[in-house]
Amino acid sequence: MFDLDRFIADLRATLPERSRLPMREVVARAVADPAALVRGIGAPDKAGVQVLYKSPELTVLNLLWAPRQITLPHNHRMSAVIGMYEGREDNMFWRRVPGSAKFQIEAAGGEALDAGDVALLGPDIVHSVINPLSKISAAIHVYDGNFMEIERSMWNAETLVEEPLDISAVVQGMSVQERPRAE
(Lines give C-alpha, C1' and ligand atoms only; values in the text may rest on other atoms or scores of the structure.)
Protein backbone atom coordinates (compact mmCIF):
# COMPACT_ATOMS: atom_id res chain seq x y z
CA MET A 1 0.00 0.00 0.00
CA PHE A 2 1.22 3.50 -0.84
CA ASP A 3 1.83 5.78 2.15
CA LEU A 4 2.54 9.42 1.26
CA ASP A 5 4.46 10.14 4.49
CA ARG A 6 6.69 7.08 3.93
CA PHE A 7 7.18 8.10 0.27
CA ILE A 8 8.30 11.60 1.32
CA ALA A 9 10.62 10.16 3.99
CA ASP A 10 12.16 7.78 1.44
CA LEU A 11 12.69 10.66 -1.02
CA ARG A 12 14.25 12.86 1.68
CA ALA A 13 16.63 10.02 2.56
CA THR A 14 18.01 10.13 -1.02
CA LEU A 15 18.88 13.84 -0.95
CA PRO A 16 22.48 13.46 0.37
CA GLU A 17 23.32 11.17 -2.60
CA ARG A 18 25.33 12.77 -5.42
CA SER A 19 23.21 10.82 -7.90
CA ARG A 20 19.44 11.13 -8.37
CA LEU A 21 19.18 7.43 -9.25
CA PRO A 22 18.10 6.48 -5.70
CA MET A 23 15.33 9.11 -5.93
CA ARG A 24 14.32 7.62 -9.28
CA GLU A 25 14.06 4.18 -7.64
CA VAL A 26 11.72 5.52 -4.92
CA VAL A 27 9.45 7.03 -7.59
CA ALA A 28 9.62 3.84 -9.69
CA ARG A 29 8.39 1.77 -6.72
CA ALA A 30 5.46 4.16 -6.24
CA VAL A 31 4.28 4.17 -9.88
CA ALA A 32 4.78 0.41 -10.24
CA ASP A 33 1.45 -0.01 -8.41
CA PRO A 34 -0.80 2.74 -9.79
CA ALA A 35 -3.90 1.45 -7.98
CA ALA A 36 -2.17 1.72 -4.58
CA LEU A 37 -0.85 5.18 -5.48
CA VAL A 38 -4.36 6.36 -6.42
CA ARG A 39 -5.76 4.96 -3.16
CA GLY A 40 -3.07 6.92 -1.30
CA ILE A 41 -3.40 10.32 -3.01
CA GLY A 42 -6.79 10.18 -4.72
CA ALA A 43 -8.04 9.53 -8.23
CA PRO A 44 -7.13 12.07 -10.91
CA ASP A 45 -10.52 13.68 -11.55
CA LYS A 46 -9.62 17.12 -12.92
CA ALA A 47 -6.56 18.83 -14.35
CA GLY A 48 -4.37 20.63 -11.86
CA VAL A 49 -1.14 20.74 -9.92
CA GLN A 50 -1.36 19.31 -6.42
CA VAL A 51 1.53 20.18 -4.14
CA LEU A 52 1.97 17.02 -2.06
CA TYR A 53 5.09 18.26 -0.25
CA LYS A 54 7.46 21.21 -0.40
CA SER A 55 10.52 22.27 1.53
CA PRO A 56 13.72 24.12 0.60
CA GLU A 57 15.31 20.86 -0.57
CA LEU A 58 12.39 18.84 -2.00
CA THR A 59 9.10 19.40 -3.85
CA VAL A 60 6.64 16.63 -4.72
CA LEU A 61 3.81 17.42 -7.13
CA ASN A 62 0.92 15.39 -8.47
CA LEU A 63 0.53 16.75 -12.01
CA LEU A 64 -2.80 16.06 -13.66
CA TRP A 65 -2.56 17.02 -17.32
CA ALA A 66 -5.78 18.02 -19.09
CA PRO A 67 -6.72 16.07 -22.23
CA ARG A 68 -4.54 17.20 -25.15
CA GLN A 69 -2.80 19.81 -23.00
CA ILE A 70 0.47 21.31 -24.27
CA THR A 71 2.92 23.34 -22.17
CA LEU A 72 5.36 25.98 -23.33
CA PRO A 73 9.05 25.10 -23.29
CA HIS A 74 10.38 25.76 -19.78
CA ASN A 75 13.25 24.88 -17.48
CA HIS A 76 13.38 23.66 -13.89
CA ARG A 77 16.89 24.72 -12.79
CA MET A 78 16.96 21.61 -10.60
CA SER A 79 16.84 17.86 -11.16
CA ALA A 80 13.44 16.27 -11.65
CA VAL A 81 12.11 12.73 -11.51
CA ILE A 82 8.84 12.14 -13.36
CA GLY A 83 6.83 8.99 -12.67
CA MET A 84 3.72 8.35 -14.76
CA TYR A 85 0.91 6.44 -13.12
CA GLU A 86 -1.94 7.07 -15.57
CA GLY A 87 -2.13 8.09 -19.21
CA ARG A 88 0.86 9.44 -21.10
CA GLU A 89 3.19 12.44 -21.06
CA ASP A 90 5.20 13.25 -24.19
CA ASN A 91 8.27 15.34 -23.44
CA MET A 92 9.99 17.37 -26.14
CA PHE A 93 13.53 18.35 -25.22
CA TRP A 94 15.04 21.60 -26.44
CA ARG A 95 18.61 22.85 -26.66
CA ARG A 96 19.87 26.40 -26.64
CA VAL A 97 21.20 27.74 -29.95
CA PRO A 98 23.92 30.28 -29.13
CA GLY A 99 24.16 33.20 -31.52
CA SER A 100 21.19 32.09 -33.63
CA ALA A 101 19.53 34.81 -35.69
CA LYS A 102 16.22 32.93 -35.70
CA PHE A 103 15.36 31.05 -32.47
CA GLN A 104 17.08 30.81 -29.07
CA ILE A 105 16.20 27.10 -28.74
CA GLU A 106 15.59 24.20 -31.11
CA ALA A 107 14.05 20.73 -30.76
CA ALA A 108 16.60 18.17 -29.63
CA GLY A 109 14.66 14.95 -29.07
CA GLY A 110 11.93 13.64 -26.86
CA GLU A 111 10.59 10.85 -24.74
CA ALA A 112 7.10 9.45 -24.34
CA LEU A 113 6.27 8.28 -20.82
CA ASP A 114 3.49 5.75 -20.27
CA ALA A 115 2.00 4.52 -17.00
CA GLY A 116 4.79 2.93 -14.95
CA ASP A 117 7.59 4.81 -16.74
CA VAL A 118 10.03 7.02 -14.86
CA ALA A 119 12.32 9.69 -16.30
CA LEU A 120 15.19 11.59 -14.73
CA LEU A 121 15.70 15.16 -16.01
CA GLY A 122 18.89 17.07 -15.27
CA PRO A 123 18.90 20.62 -13.88
CA ASP A 124 19.73 22.23 -17.24
CA ILE A 125 17.03 20.56 -19.33
CA VAL A 126 14.52 22.66 -21.25
CA HIS A 127 11.36 20.75 -22.16
CA SER A 128 7.73 21.06 -23.10
CA VAL A 129 5.03 18.53 -22.29
CA ILE A 130 2.07 17.21 -24.27
CA ASN A 131 -0.75 15.00 -23.05
CA PRO A 132 -1.79 13.54 -26.42
CA LEU A 133 -4.71 11.59 -24.96
CA SER A 134 -8.38 12.49 -24.67
CA LYS A 135 -8.29 11.81 -20.93
CA ILE A 136 -6.38 13.13 -17.93
CA SER A 137 -2.79 11.92 -17.64
CA ALA A 138 -1.28 11.79 -14.16
CA ALA A 139 2.31 11.82 -12.93
CA ILE A 140 4.29 12.33 -9.76
CA HIS A 141 6.95 15.01 -10.31
CA VAL A 142 9.76 15.22 -7.74
CA TYR A 143 12.26 18.10 -7.67
CA ASP A 144 15.40 18.36 -5.53
CA GLY A 145 14.63 21.91 -4.35
CA ASN A 146 11.79 24.34 -3.74
CA PHE A 147 10.28 24.18 -7.22
CA MET A 148 7.46 26.57 -6.36
CA GLU A 149 9.75 29.50 -5.52
CA ILE A 150 12.83 29.22 -7.73
CA GLU A 151 13.28 31.73 -10.54
CA ARG A 152 12.89 29.90 -13.86
CA SER A 153 12.38 30.58 -17.56
CA MET A 154 9.91 29.76 -20.28
CA TRP A 155 10.20 30.28 -24.02
CA ASN A 156 7.62 32.20 -26.03
CA ALA A 157 5.64 29.81 -28.25
CA GLU A 158 5.81 32.07 -31.29
CA THR A 159 9.33 33.49 -31.10
CA LEU A 160 11.13 30.90 -28.92
CA VAL A 161 12.63 33.81 -26.97
CA GLU A 162 13.46 33.18 -23.30
CA GLU A 163 11.26 35.03 -20.81
CA PRO A 164 10.77 34.94 -17.05
CA LEU A 165 8.50 32.06 -16.10
CA ASP A 166 4.78 32.81 -15.85
CA ILE A 167 3.47 29.59 -14.33
CA SER A 168 -0.10 30.34 -15.44
CA ALA A 169 1.10 30.51 -19.07
CA VAL A 170 3.08 27.27 -18.78
CA VAL A 171 0.28 25.23 -17.18
CA GLN A 172 -2.49 26.98 -19.16
CA GLY A 173 -5.11 27.58 -16.51
CA MET A 174 -4.51 24.49 -14.37
CA SER A 175 -5.10 25.26 -10.72
CA VAL A 176 -2.20 24.94 -8.30
CA GLN A 177 -3.30 23.68 -4.92
CA GLU A 178 -1.64 22.69 -1.68
CA ARG A 179 -2.77 19.28 -0.54
CA PRO A 180 -4.03 19.32 3.06
CA ARG A 181 -1.89 17.18 5.33
CA ALA A 182 -3.51 14.85 7.84
CA GLU A 183 -2.59 15.70 11.41
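Scoring rules and cut-offs
Residues numbered from 1 in each chain as written. Predicted model: local features only at pLDDT ≥ 70, side-chain atom pairs only at ≥ 80, totals over all residues. Heavy atoms only, no water. pLDDT = per-residue confidence, 0-100. Helix = DSSP H or I, 4+ residues; strand = E, 2+ residues; numbered from the N terminus. Axes fitted to C-alpha atoms, helices over the stretch in contact; angles between N-to-C directions. Parallel < 35°, antiparallel > 145°, perpendicular 65-115°, else oblique. Left-handed = near helix turned anticlockwise from the far one by under 90°. Contact = heavy atoms within 4.5 Å. Nonpolar A, V, L, I, M, F, W, Y, C, P; charged D, E, K, R; others polar. Salt bridge = Lys/Arg side-chain N within 4 Å of Asp/Glu carboxyl O. Buried < 20%, exposed > 50% of the residue type's maximum accessible area, 1.4 Å probe, protein only.

**What about the confidence of the model for the protein chain?**
Now for step 1: In the predicted model, the protein chain carries a mean pLDDT of 91, and 91% of its residues have values of at least 70.
Now for step 2: When pLDDT is averaged over each helix and strand of the protein chain, the minimum, 60, is found for strand β12 (residues 175–178) and the maximum, 98, for helix α2 (residues 21–31).

**As for the packing of helix α1 (residues 4–14) against α2**
Now for step 1: Their axes nearest at 8 Å, the elements α1 and α2 cross at an angle of 160°. The pairing of α1 with α2 is recorded here as roughly antiparallel in orientation. Between α1 and α2 lies a crossing of right-handed hand. Residue-level contacts link F7, D10, L11 and T14 of α1 to P22, M23, V26, V27, R29 and A30 of α2.
Now for step 2: Taken together, the residues of the contact of α1 with α2 sort by class into seven nonpolar, one polar and two charged.

**A look at the pattern of salt bridges**
Pairs can form between side chains of opposite charge whenever their charged atoms are close.
Now for step 1: Under the defined criterion, the tally for this structure stands at eight salt bridges.
Now for step 2: Note that D144 is salt-bridged to R20, the shortest N-O span being 2.9 Å. Of this pair, D144 sits in the loop between β9 (137–143) and β10 (153–155) while R20 sits in the loop between α1 and α2, and the two are 124 residues apart along the sequence.
Now for step 3: When the shortest N-O distance is used, the salt bridge between R96 and E162 registers 2.9 Å. Here R96, found in strand β5 (residues 88–96), pairs with E162, found in strand β11 (residues 162–164); they are 66 residues apart in sequence, far enough to count as distant.
Now for step 4: Residue R96 is classed as partly exposed on the basis of its relative accessible area of 46%.
Now for step 5: For E162, a relative accessible area of 31% puts it in the partly exposed group.
Now for step 6: Via salt bridges that share partners, R6, D10 and R29 belong to a single interconnected network.

**Focus on unusual backbone geometry**
Now for step 1: The backbone of R68 shows a phi angle near 60°, a positive value even though the residue is not glycine.
Now for step 2: Note that R68 resides in the loop between β2 (58–65) and β3 (74–75).

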